Amino acid sequence: MAKHIQVKDLDIYYDEFLAVQGVSMTIEPRSVTALIGPSGCGKSTFLRSLNRMHELVPKAKVEGQVAINGRDIYGNNVDPVDIRSEIGMVFQRPNPFPTMSIYENVAAGIRLTGARMKRSEIDDLVERSLRSANLWNEVKDRLHKPGGGISGGQQQRLCIARAIAVDPAVLLMDEPCSALDPISTQAIEDLINDLKPDYTIVIVTHNMQQAARVSDTTGFFNLADVGQPGRLIEMDTTAKIFSAPREQATEDYITGRFG
Ligand SMILES: Nc1ncnc2c1ncn2[C@@H]1O[C@H](COP(=O)(O)OP(=O)(O)OP(=O)(O)O)[C@@H](O)[C@H]1O
């Protein structure tokens, strides 16, 4: 079930370094939100803070609040492992377990949650997840071949199948197409569109056309200078951001004048 995300006054640090400052935003369910902005402005850091993935970096910390359907994910007694299964993530480079079979790659996420399921139930879930990721027809005859033996675009859809197998509410995607050719990119963009009715999707992208094609809402991040924290400059419907942004910096960025 897609969920609503509310971020309030979020600061994100790597040790003493303030990487992202003062972000407040609302992310609606059953929609795609794109995060854009120049290199180093904190898009990935912010994205990773939405499922506490940034905590894998020693001494990284946040101040402020991230609530998923009203529940603070940084609250006491919240287990980051639970949060990461509720809020799935897909990375820039497809990262299937290369020697594990396609089937086991999808089942891996389910096994990690410790859920006890019968073989036939896992079979069904693997098929359903691969179908949802628009990959089933291409791999159904080689489910027990290695996950590393398919194309990059197929591997990325396999990673999406693995992420959705555990039934997350939110899917975070960090430049999911940057390592892919245009045809595979189109397949992932079509898939994002297909998944939208069931998920809350947040995607970081450097590709303006992609943000314009896939997202309903766009947030523009920027930083005043190197070493300064990244900030959310403005967020609005994608149509508005790309046709009549409020801020000059947004206009300069989307028209390619910098970044
Ligand atoms: N693991 C880390 N340890 C320390 N600083 C980091 C770490 N990861 C990122 N940073 C710093 O945090 C700031 C934001 O980086 P981040 O990768 O979030 O930016 P970005 O907008 O996603 O950049 P890009 O578009 O180049 O991927 C940068 O100054 C970066 O050097």
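Residues numbered from 1 in each chain as written. Predicted model: local features only at pLDDT ≥ 70, side-chain atom pairs only at ≥ 80, totals over all residues.

The name given to the protein chain in an unreviewed UniProt entry is Phosphate ABC transporter ATP-binding protein, with Haloechinothrix aidingensis as the source organism.

1. Points about the site of the ligand
Short version of the rule: Here, nearness means that the C-beta atom of a residue, built from backbone geometry, sits within 6 Å of the molecule or strand in question. The secondary structure listing takes helices from DSSP runs of H or I that are at least 4 residues long and strands from runs of E that are at least 2 residues long, numbered from the N terminus. The residue classification treats Ala, Val, Leu, Ile, Met, Phe, Trp, Tyr, Cys and Pro as nonpolar and Asp, Glu, Lys and Arg as charged. All others, Gly included, are polar.
Inspection of the region around the ligand gives 13 residues, with Tyr14, Ala19, Ser39, Ser44 and Thr45 positioned closest. Elements with a minimum of two residues in the shell around the ligand: strand 2 (17–27) and helix 1 (43–49). The biggest single contributor to the shell around the ligand is helix 1, with three residues. Its residues assigned to classes, the shell around the ligand comprises five nonpolar, seven polar and one charged.

2. Things to note about the pairing of strand 9 (residues 217–223)
Let me state the cut-off plainly: Our exposure labels follow a C-beta count within 10 Å of each residue's own C-beta, placed from the backbone: buried means 20 or more other C-beta atoms, exposed means 12 or fewer, and partly exposed covers the counts in between. Whether two strands pair comes down to DSSP finding at least two bridges between them.
Of all seven residues that make up strand 9, seven are buried, and the element is covered over most of its length. Neither face of strand 9 is open: one carries Thr217, Gly219, Phe221 and Leu223, the other Thr218, Phe220 and Asn222, and all of them are buried. Inspection of the sheet shows strand 3 (residues 32–36) paired to strand 9 by four bridges, in the parallel sense. Residue pairing for strand 9: Leu35 is matched across the bridge by Gly219. Pairing between strand 9 and strand 10 (residues 230–237): seven bridges, direction antiparallel. Residue Gly219 lies in a different strand from strand 10, and its bridge partner there is Met235.

3. Quick word on helix 3 (residues 102–112)
Counting along an α-helix, one turn takes 3.6 residues, and residues three or four places apart therefore face a common direction. Counted only if it meets this: Each residue gets a C-beta atom placed from its backbone, and two residues are in contact if those atoms lie within 7 Å.
Listing the buried residues of helix 3 in full gives Ile102, Asn105, Val106, Ala107, Gly109 and Ile110. Residues of helix 3 that are buried sit in contact with helix 4 (119–132), helix 5 (136–139) and helix 6 (152–165). Just downstream of helix 3 lies Gly114, where phi reads positive at about 80°.

4. Side note on the packing of helix 4 against helix 6
Two quantities define a packed helix pair, namely the angle between the axes and the distance from one axis to the other. Note the following rule: In this description, a line fitted to the C-alpha atoms serves as the axis of each element, helices being fitted only across the stretch in contact, and the angle between N-to-C directions of two axes falls anywhere from 0 to 180 degrees. An angle below 35 degrees is treated as roughly parallel, one above 145 as roughly antiparallel, one from 65 to 115 as roughly perpendicular, and anything else as oblique. Helix crossings are classified by the rotation of the near helix relative to the far one: an anticlockwise turn of less than a right angle makes the crossing left-handed, while a clockwise turn makes it right-handed.
Taken N-terminus to C-terminus, the directions of helix 4 and helix 6 make an angle of 125°; their axes are 8 Å apart at the nearest point. Our classification of the angle between helix 4 and helix 6 gives oblique. Pair helix 4 / helix 6 crosses with right-handed handedness. Residues Leu125, Ser129, Leu130 and Ser132 of helix 4 form the contact with helix 6, whose participating residues are Ala161, Ile164 and Ala165. Partitioning the contact of helix 4 with helix 6 into residue classes produces five nonpolar, two polar and no charged.

5. Some details on the UniProt feature "domain: ABC transporter" (unreviewed entry) in the protein chain
Definition in use: UniProt positions are given in the numbering used here, feature names are shortened, and annotations may be inferred rather than shown by experiment.
UniProt records the feature "domain: ABC transporter" (unreviewed entry) at residues 5–248, using the numbering of this structure. Counted over residues 5–248, helix gives 35% and strand 27%. Its end C-alpha atoms are 27 Å apart.

6. Examining the nonpolar core
As a reminder, the rule being used: In plain words, the nonpolar core is the set of buried Ala, Val, Leu, Ile, Met, Phe, Trp, Tyr and Cys residues that C-beta atoms within 7 Å link up.
With 67 residues, the main nonpolar core has Ala161 and Leu172 as its most contacted residues. Examining the composition of this core, we find that seven residues originate from one element, helix 6, more than from any other. If we ignore the near neighbours within four places in the chain, the residues touching Leu172 are Leu47, Leu50, Asn51, Ile87, Gly88, Met89 and Val202.

7. Some thoughts on helix 7 (residues 182–195)
Cut-off, in case you're wondering: Expected helix span is computed as 1.5 Å times (number of residues minus one). Taken from the helix axis, the directions to the C-beta atoms give the arc we talk about.
Across its 14 residues, helix 7 extends 20 Å between first and last C-alpha, which sits within 8% of the 20 Å expected from 1.5 Å per residue. Where helix 7 is concerned, the buried positions are Ala187, Ile188, Leu191 and Ile192. Down the axis of helix 7, the sector holding all buried residues measures 140°, keeping them to one side. Across from the buried face of helix 7, at angles greater than 90 degrees, the exposed residues are Pro182, Ile183 and Asp190. Looking at the buried side of helix 7, the elements it contacts are strand 3, helix 6, strand 8 (200–204) and helix 8 (208–214).

8. Quick look at unusual backbone geometry
Positive phi is not limited to glycine here, since Asp15 has a value of about 55°. When you line up the elements, Asp15 lands in the loop between strand 1 (5–14) and strand 2. Looking at Asp15, the number of C-beta atoms within 10 Å reads 9, which means it is exposed. In this model, Arg30 sits at a positive phi of 50°, which is unusual for a non-glycine residue.

9. Quick look at the confidence of the model for the protein chain
To keep things clear, this is the line we draw: The predictor attaches a confidence to each residue, called pLDDT, with possible values from 0 through 100.
For the protein chain, the mean per-residue pLDDT works out to 94, and 99% of the residues sit at or above 70. Predicted as a complex, the structure gets a pTM of 0.94 and an ipTM equal to 0.97.

10. Quick notes on the environment of Tyr14
When you line up the elements, Tyr14 lands in strand 1. C-alpha separation for the pair Tyr14 and Gly109, spaced 95 residues apart in sequence, amounts to 28 Å. Discounting chain neighbours no more than four positions away, the residues touching Tyr14 are Ala19, Val57, Lys59 and Ala60.

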